[in-house]
Amino acid sequence: MPITHPGTAPIAIEWECLSNFAGNGIFEARLNLRNVCGKPIAPGWQLFFNACRKVIPDSVSTGFAIDHVNGDLFRLTAVADKAWAADEAFDITYHAQFWVISLTDAPLGFYLLSEEDGVIALGDPRILPFARVEQRMRHVEDRVPTANAAQRHADNAALHLLPEEEVGRITPRPVSARFGAGTCKLGPGTAIVHGPELANEAAFLRTLLDSLPASGTNGAQVRFETGPVTLEAPGAEAYQLDIGADQVVLRGASAHGVFNAIQTLRQLLDEDGSLPYGRVLDAPRFAYRGMMLDVARHFASVDTVLRLLDCMAAYKLNRFHFHLTDDEGWRLPITALPELTEVGARRGVSPDGSPCLPPSFGSGADIDSSPGTGHYKHDEFIAILRHAHARHIEVIPEFNMPGHARAAVMAMRVRHDRLLAAGDFEGAWAYRLDDPDDTSSYESVQLWHDNVICIALPSVDRFIDTVVGEVKALFRQAGVPLRAIHTGGDEVPNGAWIGSPLCRARMLEQGWSDVAQLRFDFVARCRAILAHHGLAFAGWDDTALTHDTGGAPAPEPRFAGPDFHAYVWNNAWGSGQEDIAYRLANAGYSVVLSNAANLYFDLACAKDPEEPGYYWAGFVGLRQAFAFCPLDQGAVPARDPMGRRVPEALLAGLEQLDGGRIAGLQGQLWSENAHSRARIEYMIAPRLLALAERAWSPDPGWRLVADPIERAARIDADWNEFANRLGRRELPRLDRAPLAWAYRLPPPGVRLEDGRIHANVALPGLALRYSFDGSAPNAASPLYSAPLSIAPDARTFSIASFDTRGRSSRVATIALKDASDA
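Below is a summary of the structure that appears in this document.

The rules we used
Residues numbered from 1 in each chain as written. Predicted model: local features only at pLDDT ≥ 70, side-chain atom pairs only at ≥ 80, totals over all residues. Heavy atoms only, no water. Buried < 20%, exposed > 50% of the residue type's maximum accessible area, 1.4 Å probe, protein only. Helix = DSSP H or I, 4+ residues; strand = E, 2+ residues; numbered from the N terminus. Contact = heavy atoms within 4.5 Å. Core = buried A, V, L, I, M, F, W, Y, C linked by side-chain atoms within 4.5 Å. Pairing = 2+ DSSP bridges. Salt bridge = Lys/Arg side-chain N within 4 Å of Asp/Glu carboxyl O. Axes fitted to C-alpha atoms, helices over the stretch in contact; angles between N-to-C directions. Parallel < 35°, antiparallel > 145°, perpendicular 65-115°, else oblique. Left-handed = near helix turned anticlockwise from the far one by under 90°.

## Let's talk about helix H17 (residues 677-684)
- Taken together, the buried positions of H17 are occupied by Ile680, Glu681, Tyr682, Met683 and Ile684.
- Residues of H17 that are buried in the fold lie against strand E17 (288-294), helix H5 (302-314), strand E28 (661-669) and helix H18 (687-696).

Okay, here's the thing in structure tokens:
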């Protein structure tokens, strides 16, 4: 069955949200399909697409049907057995669950299947604007305003340019920094004095210095030292940076401390090699400062991962959580189980019938061009490990199970069938992950019906041990320590295992009456396998939670201990788990705060139809990440995902941290909507810098300010300084090679008042350029510096923010009569 990519798609597809008010938690949408290929399409055609909202089958227009295949894959067919005539158009309406308010929510990745032409890749539809109230609101209780130009102007109103001396020079903000009036000069000829144990750090600094212009003189000498740093309880990552006329001394409590000092020196260096006299004393607030990248939903190239590691190191993050597997992909070859990547790393429609995973998240029918296809060869994985290790970043690989495991389940089913056909019965069952007689009925959050491992199978333990053994060998080959493996464990759907004879037999044998007991047995077995390999256990908070008699989540006491690392993610306001991180920490778990409402960088930055990302836990803008208060999240005024203020009674009833262990913070990028390097970098930065600020910098003390008005003023002032620091210092640094990061530029805010145009931006210092002629501003357009008078013949005003490379934000265009986004 060939897959074709015609120069012009044979079907023109247009999609529109008609209304999110079609019913209680139901929206109505319209698909317009026109045959533009110039010939009839034979009867029996099928149109496939991915959609994150489940279609209600009996709501589809008469004459058509939309079936749920699995996951987010749907199939549209015509009921009548007749050809689709040339130029014939179908206008099809349907209802689906929840709501759609952005491009992210729309159906994507269409392809046509017909007997005559096989599979034809069609791509994404033309998506009509979300212009009306019923298209932009989720329901009548949605109180989050749409982020148009006027709303952004109001949001940015309190921000202003600060005097140069009030803007910090270092991000994340250090414990102490003092600078004098003079400068020294560094360059390619600068000598670096160091011991052999700091050769790695010297090589980093040498690369940096060699990129500077030659100064004509040798300038100051650089000296590396390790030893005590004059800070209270500094820890191994502490450093002291002393800059004088003739010598620059980088002293670290360890090699890692010296490396951190290099990152600070890099920020202080001007492009000509000038370095201000001064002293910096610094140490991190939290030992764990992490970033998770999901490469399972969409694959990320080696270069993309290395660039992320470089950016993390520049801002002193030290843990890379590598999410390698999920329902939609398995990205690391395991020698004994080649099907894991032969099947689990290929996504699309197979022309030759060879097994693969179905298209997901709009990844399309063509396996070879799909962003859902790909895996890391062993030498590539080792290169990533070494790159991270050289930057003092610990890699924590994740293999998600028992839910989110469809890629592995399908791959091992293919292995089973192949060996069984060859007569190897014992080998066929050696790594099988599902019970073929399981009649359980369930649906995961991502709409899968077969993504859970059968945890009663002995072959599951063998599978885990084999994977862990090979991963450990790869780390050993890289010369990099492996300390923990993350086993996922989140979002196992209700109903899993209930219909499995093997699971029921296991429960009967053990005298268990609840599948939760079966699951905790699996967690214990995973933990034992990891311990056998000398590794600590890590998992999402689901692995550490039980439920009390009323059904409320509560810490499971049997696993509590410093070697059980619980990553707490599902604690959005209104979830009923707002304080679960503190409860787990108080119960004895080592907790990594991964809060969705502040640290999920796959969530949209704003309620804007063009802003990529989901929003189930709210909209996570840069300020939401910056204003996160790790040890008292109730200290900052909070709203639930619908924009409603969190009741005081709820805040008062939350458990507070009481001596529990918070290891640190971690940002997450789930990649359902991150299908390219550009999109990954757009969604991660600059929010990664806010994560670094909260994870490294000293406690800003907001939670200690009793008066709410005074506390809010303190937060606003700190936010203004941070926004200035990013707009005037850090983003220009990210523009430079070798990073040249594709970070998100905020669209400007605009307001009309008294016949003049007022504009602002969320990061003061960014350049704003505008036009009156209806064209999009470019790097040569006029700079906005003060309110503008409106020319008599001007009909529209367009403005965008720009970085130092000439990249533009999305353009804000207003009709000069109402200041609304066009």
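## Here's the deal with the nonpolar core
- The biggest cluster of nonpolar side chains holds 150 residues, and the ones touching the most others in it are Met291, Phe320, Phe322, Tyr376, Phe463 and Leu688.
- Other than its neighbours up to four places away in sequence, leucine 688 contacts Met291, Leu308, Cys311, Met312, Tyr315, Leu317 and Phe601.
- Ile13, Trp15, Leu31 and Trp84 belong to the second largest nonpolar core, which has 32 residues in total.

## Here's the deal with the sheet that holds strand E2 (residues 11-23)
- Here four strands make up an open sheet; going across it, the order is E7-E3-E2-E10 and the pairing mixed. For this open sheet the edge positions go to strand E7 (89-97) and strand E10 (126-127), each flanked by a neighbour on one side alone.

## A look at the pattern of salt bridges
- All told, the structure shown has 58 salt bridges when counted by the stated rule.
- Here arginine 138 makes a salt bridge to aspartate 142, at a shortest N to O gap of 2.9 Å.
- Taken together, the salt bridges that share partners define one network made up of Glu14, Glu16, Arg30, Asp91, Arg126, Arg132 and Glu134.

## Re the packing of H5 against H17
- Where H5 meets H17, the closest approach of the two axes is 10 Å, and the angle between their N-to-C directions is 20 degrees. Here H5 is positioned roughly parallel relative to H17, judged by the angle of their axes. Regarding H5 and H17, the two cross each other, and that crossing is right-handed. Two secondary-structure elements touch here, H5 through Asp303, Thr304, Arg307 and Leu308 and H17 through Arg677, Ile680, Glu681 and Ile684.

## Re the environment of valine 636
- With respect to the secondary-structure elements, valine 636 resides in the loop between helix H15 (622-626) and helix H16 (648-652).
- With 12 residues separating them along the chain, valine 636 and glutamine 624 place their C-alpha atoms 9.9 Å apart.
- Discounting chain neighbours no more than four positions away, the residues touching valine 636 are Ala627, Cys629, Trp702 and Ile715.

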